[in-house]
Amino acid sequence: MPPVSAAREILRRLHEVMASRSGAEAKLGRVVRIVAEALSSEVASIYLLREGKLELFATQGLAQEAVHVTRLAMGQGLVGVIAARREPLNLAEAQAHPDFAYRPETGEERFHSFAGVPIVRREAAIGVLAVQHAQPREYQEIEIEALQTVAMALSELIHGAGLVDDAEAAAARTASSAPARLAGLKLVDGLARGLAVFHQPRVVIEHTVADDPETERNRVRAGFGKLREAIDGMMGQAEFAGGGDHQDVLETYKMFAYDEGWLRRINEAIETGLTAEAAIDRVQAKTRARMRSIEDPYLRERLTDLDDLANRLLRIVAGQLGAAAQQGLQTEMILIARNLGPAELLEYDRRWLKGVVLEEGSLTSHVTIVARAMGVPMLGRVPELFAQVADGDELIVDAANGALLIRPQAAMIKSYTEMSAAKAKRAERYALLRDAPAVTRDGKRVQIMMNAGLADDAAALDATGADGIGLFRTEFQFLVSATLPRRERQQALYTAVLDAAGPRPVIFRTIDIGGDKTVPYLNGGEDDENPAMGWRALRLALGRSGLMKVQARALLQAAAGRTLNVMFPMVSEPWEFAEARALVEAQAELLGRAGHALPAQVRYGAMIEVPAIIETLDELLPMTDFVSVGTNDLTQFLFAADRANPRLADRYDWLSPAILRVLRRIIRAAAAAGKPATVCGEMGGRPLEALALLALGVEQLSITPAGVGPIKAMVRSIDLGAVSAAMHGWLDAPGTDIRAALGAMAAAQGAELS
C-alpha cells in the first residue's frame, strides 16, 4: 500500500476526475482504474443502488459486458451483504464465504481474494466499492482504510451527478405507518410515553478532498477548543457537580477531549488530503470497527465514549450544531439514537425528556449510569429501531417488560394510561408505608435493606424508608473510572454514603471485579474461558493485595468514629475470609499508629455464593459477624447455568426444592451460630420469592430501592407462621409444586404480591 504521500495523490486524482467535464459513467470508469492502479489490484468495481438493486456500474478487470447487467439485491452476495450491513468485508478466499454468489457474466471465477466497502450517504448505503485479486490474500488495514476514503469521495461524486436518488436509498429504511412492537433490553426501569425525536442525524460530509491541509488542521484545532470548553461547562453544571459516578463519567470525557493522540490521528488523515470533516469521520469509522471486534465491555464503553465525542467534534467543525437538544423542543419526547454518550444526554431538558431508546447500549454503559441518576427510563439493544421508527411517531417505552410500542393504537394508549395510573396509585400506597415498620400480621419484624452502588442511590433511603444499605457495590466506582481510583476519591465516596445513611447501617462489599466486570488497568483474568468462575472478586483482590489495602484504608478512614460493616465477595474457603479480614485489621493497626481516627467498631461479613463454602460453614461462621447470601451467583453456580445466557434465564426456578433446601441449610447454620444472615440479590425483590425466603427463616432482605415498597406491603399482609410451617413441610415431602402451593396459600391469606 502506498505511503501517506501516495494516498494524497489518489485523492488529488479523484478530485481531478470529479472536476472534469466528462460524463458520470466515464468518471466512474476513471475512478476504478485509479483504485486498481493504486492498490496494484487486478479488479476494481463500483456497484450503485438503482431501482432497488445493486448494479455493476463500472469495473476494471471484470468483463465489460457485465456492466449494467449484473445486479444483486440488498443482502445478496458479498456486495449485497456489504450494502445491507454497511460494513467492510475482507476475504482471502471469497468463494468460501457462505454469502458468495457467482455471476458467470463477470468472468470473476479466477479471482480468489475480495475486499469491499460500502458507499454511504445520509446513513444509507448507495453502493459498494470492491477490489479483487487472483491470489488468495487478506488486504492490509491501511488498504481497507484507503478504500473507505475513496468511498467517501465517491459518495460526493455520485450524489452530485444524480446517479442515485436519496429517497430511493432511504426507502428500505422508511418506517411503516402501522403499529409495531419491538423488544429490547431494560437499561433503566420505567414507563414513558412521548413523540419520537432522533438525537442527531449523521453529519452529511459534502466535501472530502481538501484544497489546503493547513486550513483543515486549523479548523480541527479550533473545533477541539470548543469541544473542551463544552465539556468543562458540563462538569460545572449544578445538577452534576459535587461528585458522584456521573462526575467520574465526565472526567473520562475530559480525558478524551484533551487526548493529543486523537488529535494527531485526525491530522494524519488530513495529511492524506482529506477535509477536516472527512478526517474526523475516517478516524471515527476506525474506532467503530474496533468497537465491533472488542468483547471486553469496559473497552467497548470507552470506545463508545470516544464515538460520542467524535460526533460532537464533527458537528462543531461542520457548523451543524442543530442536535435535537439545541432545538428547544417543548414536547414530551422519547429520544432515539443508535448509541448515546452521557455528555449528549445531559444536554436535554429533563422536563420534556421522558425516555430513551437505543439500538445499541448496555447495562454497564456510562449513559445508563447517567440516565439512572436522572431518573429517565431507558431501553437498549432494540434491533431495527431506525427501520421501524420515524421522527414524530408516538411511542410508549415499557422498560420493565423490555418493549417499545410504536404508533400505538387507541387500545394500547388506554392500557398505558391505566398502567400509569395504577403505577401512580401503587407508588402512593407504598409512600404511605415509608415510615411504617415491616411487621407481619403475626408480629414478625423483617429488616428490609436496599442495594446500592452509586453515590446517588443513598438518597433512596429516605424516599423508600429502607432500614439501611445491605449491599453497597464498591466496584461501580472502578468501572466508570478510566484509571484506578485514588484512595482519596474512594474515601470521599464512602464518606458521602455513610453521611447520607446517618444512623442506618451500610454494608460495603469490597471490590468485585472480573467476570463480566473487567477493567483494563487491573488485568489478569481476561483469558478465563469461564470468567464467572475465574480470576475475580476476592480471589483477584487477595492476588493484588495493594488494591485491597488501599480500599481498606479508604473504608476505615471514611468510617472514623462510626461502625464499619465490610463484606468480602465470593468466599470459597474459610482461609480466604481469614486472610482478607487480617489484611483489613493490619491496615487499621497501621492507621492507628499513624494517629488516624478509626471506626468505633468494624464488623466483618462473608458473601455466601460459592457452593463449596456451604460445606465449611462450621469453620467460617465463627470468624464472621454476619453473612449475606448472594442468590444470583449461588443459583448459577448451583445449577451450572450462566445467568447471562438468555436461553437459561427462565430455566431454573428460584422456588425449586434444590435452591430452597440449600438456602434453608445456610439459614439454619447461621442461626445456630448466632450470626445474622441477609439475602441480597434479585430473588429477595420478588414478592412471592421473598415470601419463601421469610418462610425459611430469613429476617433481613437487601433489594433494589424500587422493590422496598412492594416487599414491605407483602410482609405486612401475611401470617408468616402458617406459611413457614407449610414451607418446611413441602421441602420435607418431595413432589410438591412449591410455586403453585405457595401462590395459592398467599392468595388465601390475601397477601399483596403485585
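Before reading further, recall that the structure is shown in the block above.
A brief report on the enclosed structure follows. Given the structure is predicted, the values throughout are model-derived calculations rather than measurements.

On to the overall build of the protein chain. The helix and strand tally for the protein chain stands at 28 helices and 22 strands. Counting every position in the protein chain, which comprises 754 residues, the buried fraction comes to 53%. Counting contacts in the protein chain only where the partners sit at least 6 residues apart, residues at least 24 apart contribute 67% of the total. When the accessible surface of the protein chain is summed, it comes to about 31200 Å², and 51% of that surface belongs to carbon and sulfur atoms.

Phe508, Phe568, Ile608, Leu660, Leu701, Met727 and Leu742 are the most contacted members of the largest nonpolar core, which totals 92 residues. Core analysis: the next-biggest nonpolar cluster, separate from the first, contains 61 residues, Val17, Ile119, Tyr139 and Leu313 among them.

Turning to the environment of Glu573, a few remarks are in order. Considering the arrangement of structural elements, one finds Glu573 in the loop between strand E18 (563-568) and helix H20 (574-593). Through-space distance from the C-alpha of Glu573 to that of Thr616 is 7.4 Å; in sequence the pair is 43 residues apart.

Between two packed helices, both the angle of their axes relative to each other and the distance between the axes serve to describe the pair. Relative to each other, helix H2 (residues 24-38) and helix H4 (residues 141-161) sit at 175°, their axes nearing to 11 Å. Looking at the two axes, H2 sits roughly antiparallel to H4. Residues Ala24, Lys27, Leu28, Val31 and Val35 of H2 pack against Leu147, Val150, Leu154, Leu157 and Ala161 of H4. Here the residues of the contact of H2 with H4 sort into nine nonpolar, no polar and one charged.

Below, the discussion takes up the sheet that holds strand E14 (residues 403-406). In spatial order, the strands read E7-E14-E13-E9-E10-E11-E12-E8; together these eight strands make up an open sheet with mixed pairing. Both outer strands of the open sheet, strand E7 (180-183) and strand E8 (185-188), are each paired with one neighbouring strand and no more. Across the sheet, the axes of successive neighbouring strands diverge by a mean angle of 30°, strand direction being ignored. Of the strand pairs in this sheet, E7 and E14 are connected by four bridges, and their pairing is antiparallel. Counterpart to Ala180 in the pairing with E14 is Ile406. Sitting on the sheet, helix H14 (residues 410-432) touches strand E9 (191-198) and strand E13 (394-398), and the angle it makes with E9 is about 130°.

The next subject is the pairing of strand E2 (residues 53-60). Among the eight residues that make up E2, six are buried, leaving the element largely enclosed by the rest of the structure. Where strand E1 (residues 43-50) meets E2, seven bridges bridge the pair, whose relative direction is antiparallel. Residue pairing in the sheet places Ala44 in a bridge with Gln60 of E2. Adjacent in sequence and paired antiparallel, E1 and E2 are bridged by two residues, among which Glu51 carries a positive phi angle near 55°. Both E2 and strand E3 (residues 71-73) contribute to a ladder of three bridges, which runs antiparallel. By the bridge assignment, Leu54 is partnered in E3 with Leu72.

Conventions we followed
- Sequence positions are assigned chain by chain, starting from 1 and proceeding in written order.
- The model is predicted, so local features are restricted to residues of pLDDT at least 70 and side-chain atom pairs to those at 80 or more, both for listing and for counting; the totals for chains, interfaces and linings are taken over all residues.
- Calculated side-chain values reflect all of the structure's heavy atoms, with hydrogen atoms and water omitted.
- The helix count covers DSSP runs of H or I at least four residues long, the strand count covers runs of E at least two residues long, and both are numbered beginning at the N terminus.
- Only protein chains enter the accessibility calculation, which uses a 1.4 Å probe; a residue whose area is less than 20% of its type maximum is buried, one above 50% is exposed, and one in between is partly exposed.
- Here a residue-residue contact requires only that any non-hydrogen atoms of the pair lie within 4.5 Å.
- Residue burial considers only the protein chains on display, and all accessible areas are found by Shrake-Rupley using a 1.4 Å probe.
- Here, the term nonpolar core denotes a set of buried Ala, Val, Leu, Ile, Met, Phe, Trp, Tyr and Cys residues that are joined through side-chain atoms within 4.5 Å.
- Every angle, taken between N-to-C directions, lies between 0 and 180 degrees, and every axis is a line fitted to C-alpha atoms, over only the stretch in contact when it is a helix.
- If an angle is under 35 degrees, it is roughly parallel; if it is over 145, roughly antiparallel; if it lies from 65 to 115, roughly perpendicular; otherwise it is oblique.
- Polarity classes work like this: nonpolar for Ala, Val, Leu, Ile, Met, Phe, Trp, Tyr, Cys and Pro, charged for Asp, Glu, Lys and Arg, and polar for all others, with Gly in that last group.
- Two strands pair under a simple rule: DSSP has to find at least two bridges between them.

Bear in mind that shape data such as this cannot, by itself, settle questions of function.
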